[in-house]
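Structural overview
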Amino acid sequence: MTELILSDITRMGHGFCVIGLERTENGYCSVRPLPPFTDSWPAPFPFHRGDVIQFDLYPVPVIRPHIEDRRSRGQPRVLRRVSENELVASLRQADCSADLNGLFGCDVQENAKGSGIYVLPGQGQRSICGCGVNNVRFEVFPDEVRAMILLPS
């Protein structure tokens, strides 16, 4: 059984994408637990950020950069809850990068129009990574919110 501290729960289509932190010898690593038969957890998702959840996870064939994906068997269950301060302390011990290439473990490409960045298919070495942030700017549009971050590099 695997214990994960839920760090991120994001709406993805009709379900939720979930990221959890798994304890390692040197800190934490990020894991994306997948439900038994689909790629997103159905609504309503009964867990919250900071919940420590026990999963029965097993490796699945992955397509880079999604090397953190693991499939769940059965129903996960809440073991306890950590405070936001404890969660943030755990996130600071997880995978982190100071530059764009480090976020994905490969070269990042800039959109020709200058409106964003991307990674070429199959080149990414990971899909989940934290980053130090010097500044964040949010833009609100009628159907979406965009965030821009300034990394230390």
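Structure first, text after, so check above.
It should be emphasised that the depicted structure is a prediction, and the values quoted were computed from it without experimental measurement. (Residues numbered from 1 in each chain as written. Predicted model: local features only at pLDDT ≥ 70, side-chain atom pairs only at ≥ 80, totals over all residues. Heavy atoms only, no water.)

**Some details on the pairing of strand S12 (residues 145–150)**
One ladder, built from six bridges, connects strand S11 (residues 135–140) with S12; its direction is antiparallel. By the bridge assignment for S12, Asn135 is matched with Leu150. The antiparallel hairpin formed by S11 and S12 contains four residues in its connecting segment. (Pairing = 2+ DSSP bridges. Helix = DSSP H or I, 4+ residues; strand = E, 2+ residues; numbered from the N terminus.)

**Considerations on the side chain of Arg32**
Along the chain, Arg32 falls in strand S3 (residues 27–34). The exposure class of Arg32 is buried, given its relative accessible area of 13%. Those residues in contact with Arg32, other than ones at most four positions away along the chain, are Met12, Cys17, Val18, Ile19, Asp39, Glu68, Asp69, Arg70 and Ile128. (Buried < 20%, exposed > 50% of the residue type's maximum accessible area, 1.4 Å probe, protein only. Contact = heavy atoms within 4.5 Å.)

**Some remarks on the side chain of Arg71**
Assignment of secondary structure puts Arg71 in strand S6 (residues 69–81). The class for Arg71 is buried, based on a relative accessible area of 14%. At 2.6 Å, the side chain of Arg71 and the backbone oxygen of Pro35 are in polar contact. Not counting chain neighbours up to four residues away, the residues in contact with Arg71 comprise Leu34, Pro35, Pro36, Phe37, Thr38, Asp39, Asp56, Leu57, Tyr58 and Val60. (Polar contact = N/O pair within 3.5 Å; in protein donor to acceptor, adjacent residues only side chain to side chain.)

**What about the nonpolar core?**
Looking at soluble globular proteins, one finds that nonpolar side chains tend to be buried together. Leu4, Leu6, Phe16, Val18, Val31, Trp41, Phe45, Phe47, Ile53, Phe55 and Leu57 form the largest nonpolar core, which has 11 residues in total. Looking at this core, the elements with two or more residues in it are strand S1 (2–12), strand S2 (15–24) and strand S5 (51–59). Excluding its chain neighbours within four sequence positions, the residues that come into contact with Leu6 are Val18, Ile19, Gly20, Phe45, Phe47, His48, Arg49, Gly50, Asp51, Ile53, Phe55 and Leu87. Ranked by size, the runner-up nonpolar core spans seven residues in total, among them Ile5, Tyr28, Val82 and Ala94. (Core = buried A, V, L, I, M, F, W, Y, C linked by side-chain atoms within 4.5 Å.)

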